[in-house]
Amino acid sequence: MVRLAGIEPTTPWFVAKYSIQLSYSRNSHNYAMEEKNYITPAGHERIKTELLQLLNLDRPEVVKVVHWAASNGDRSENGDYIYGKKRLREIDRRIRFLNKRLEFAVVVDNSSRKSGESDSEQIFFGATVTYTLTEGSKASKETTIKIVGVDEVDLEKGHVSWVSPIAKALIKAKLGDCVKIQTPNGVCEIEILDVQYL
């Protein structure tokens, strides 16, 4: 029987932390998620922090509540037990998802572009781009977006996925270029005003 640093493999801590991770990574097989998951260093750290929060704090707390509720007797009408089991399934599902995302994560570090060692005027993953439409009613309005991974999308902050149509049109373009993008209203042309790697 395998032991980790003197920890009994039957303790709730061991079961919660290791058997869930190992069994889910072996049993579930989702081909769509096996593609590379490009992510910024900040996004990678955020996912790791959430996973550790779930494993070390949230799940053990819910396990205690479920254990206490189960010891009270009749489980069929026990609200704490029923809700606790449901919450436990939600946490386990999220743990599986985050493990898969981290398993296929490719952290893209743009430190060479930030320091000016590489071409910092060309748009790649992680770039913050300011652009404007060249024609139409919003022609003079500047828009700033950051190209990030699919797990980091936040439209309120201007973070768009690298697989979005706007990002696909901008990637590999350079400062001052005009690129065409297909929108629901038809094809429009945008001019790149600024490229930064923050």
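Everything here concerns the structure above.
Since we're looking at a predicted model, the values are computed, not measured.

**Student:** For this particular structure, what's the right way to read a positive patch on the surface?
**Tutor:** A contiguous patch of positive charge on the surface is contributed by Arg75, Lys85, Lys86, Arg89 and Arg93. With relative accessibility at 47%, the residue arginine 93 sits in the partly exposed group.

**Student:** In this structure, what is going on with the packing of aromatic side chains? I would like to understand it.
**Tutor:** Aromatic rings considered in pairs are described by the distance between their centres and by the relative angle of their planes. If you walk through the whole model with that rule in mind, you get two aromatic pairs. Judged by centre distance (6.4 Å) and plane angle (50 degrees), the ring pair of tyrosine 38 and phenylalanine 125 falls under tilted. Taken together, the positions of tyrosine 38 in strand 1 (residues 37-39) and phenylalanine 125 in the loop between helix 4 (111-114) and strand 3 (128-133) put the pair 87 residues apart, joining distant regions of the chain. You can call phenylalanine 125 buried: its relative accessible area is 10%. Seen from their ring centres, tyrosine 38 and tryptophan 162 are 5.2 Å apart, and the 85 degrees between their planes marks the pair as edge-to-face. With tyrosine 38 in strand 1 and tryptophan 162 in the loop between strand 5 (159-161) and helix 5 (165-170), this residue pair connects regions lying 124 residues apart in the sequence. Take tyrosine 38: its relative accessible area is 27%, and that puts it in the partly exposed class. Through a chain of ring-to-ring contacts, the aromatic side chains of Tyr38, Phe125 and Trp162 assemble into a single cluster.

**Student:** Before we go on, may I ask you to explain the pairing of strand 4 (residues 142-148) in this structure?
**Tutor:** Each regular strand displays side chains that alternate between the two surfaces of the sheet. With five bridges joining them, strand 3 and strand 4 adopt antiparallel strand pairing. When the sheet's bridge partners are listed, tyrosine 131 is paired in strand 4 with threonine 143. Examined bridge by bridge, strand 4 and strand 5 share three bridges and lie parallel to one another. Residue pairing in the sheet places isoleucine 147 in a bridge with valine 160 of strand 5.

**Student:** Even after reading the chapter, I still don't get the nonpolar core, so can you show me in this structure?
**Tutor:** One broad trend across soluble globular proteins is that nonpolar side chains are buried collectively. Counting residues in each nonpolar core, the largest one holds 17 residues, and the members touching the most others are Ile123, Val129, Ile145, Ile166, Leu170 and Ile192. For isoleucine 123, the contacting residues outside a window of four places in its chain are Val129, Ile147, Leu170, Ile171, Lys172, Ala173, Ile192, Val195 and Tyr197. Ranked by size, the runner-up nonpolar core spans 14 residues in total, among them Leu55, Ala70, Leu88 and Ile95.

**Student:** Before we go on, may I ask you to explain the side chain of asparagine 78 in this structure?
**Tutor:** Take asparagine 78: it is sitting in the loop between helix 2 (41-71) and helix 3 (79-103). Separated by 2.7 Å, the side chain of asparagine 78 and the backbone oxygen of alanine 69 make a polar contact. Beyond its immediate chain neighbours, meaning those up to four positions away, asparagine 78 contacts Ala69 and Asn72.

**Student:** It is not clear to me how the sheet that holds strand 6 (residues 178-183) should be interpreted in this structure. Could you clarify?
**Tutor:** Two orientations exist for strands paired in a sheet by backbone hydrogen bonds: parallel and antiparallel. Across the sheet, five strands lie side by side as 5-4-3-7-6; this open sheet has mixed pairing. The sheet is open, and its two edges are formed by strand 5 and strand 6, each paired on a single side. When the angles between neighbouring strand axes are averaged without regard to direction, this sheet yields 45 degrees.

**Student:** Can you help me understand the pattern of salt bridges in this one?
**Tutor:** Where charged atoms from two side chains of opposite charge come close, those side chains can pair. As enumerated under the stated definition, the model contains seven salt bridges in all. Here arginine 59 and aspartate 92 are joined by a salt bridge, their closest N and O atoms 2.6 Å apart. Residue arginine 59 is located in helix 2, and its partner aspartate 92 is located in helix 3; the two are separated by 33 residues in the primary sequence. Ionic pairing is found between lysine 180 and glutamate 189, a salt bridge with its closest N-O pair at 4.0 Å. The class of lysine 180 is exposed, set by a relative accessible area of 59%.

About the criteria used
- Residues numbered from 1 in each chain as written.
- Predicted model: local features only at pLDDT ≥ 70, side-chain atom pairs only at ≥ 80, totals over all residues.
- Heavy atoms only, no water.
- Patch = residues over 30% accessible without salt bridge, like charges linked within 9 Å, V, L, I, M, F, W, Y side chains within 5 Å.
- Areas by Shrake-Rupley, 256 points an atom, 1.4 Å probe, with all protein chains shown as cover.
- Salt bridge = Lys/Arg side-chain N within 4 Å of Asp/Glu carboxyl O.
- Lys, Arg positive; Asp, Glu negative; His and termini not counted.
- Charge placed at Lys NZ, Arg CZ, Asp CG, Glu CD.
- Buried < 20%, exposed > 50% of the residue type's maximum accessible area, 1.4 Å probe, protein only.
- Phe/Tyr/Trp six-rings, centres within 6.5 Å; stacked < 30°, edge-to-face > 60°.
- Helix = DSSP H or I, 4+ residues; strand = E, 2+ residues; numbered from the N terminus.
- Pairing = 2+ DSSP bridges.
- Core = buried A, V, L, I, M, F, W, Y, C linked by side-chain atoms within 4.5 Å.
- Contact = heavy atoms within 4.5 Å.
- Polar contact = N/O pair within 3.5 Å; in protein donor to acceptor, adjacent residues only side chain to side chain.
- Axes fitted to C-alpha atoms, helices over the stretch in contact; angles between N-to-C directions.

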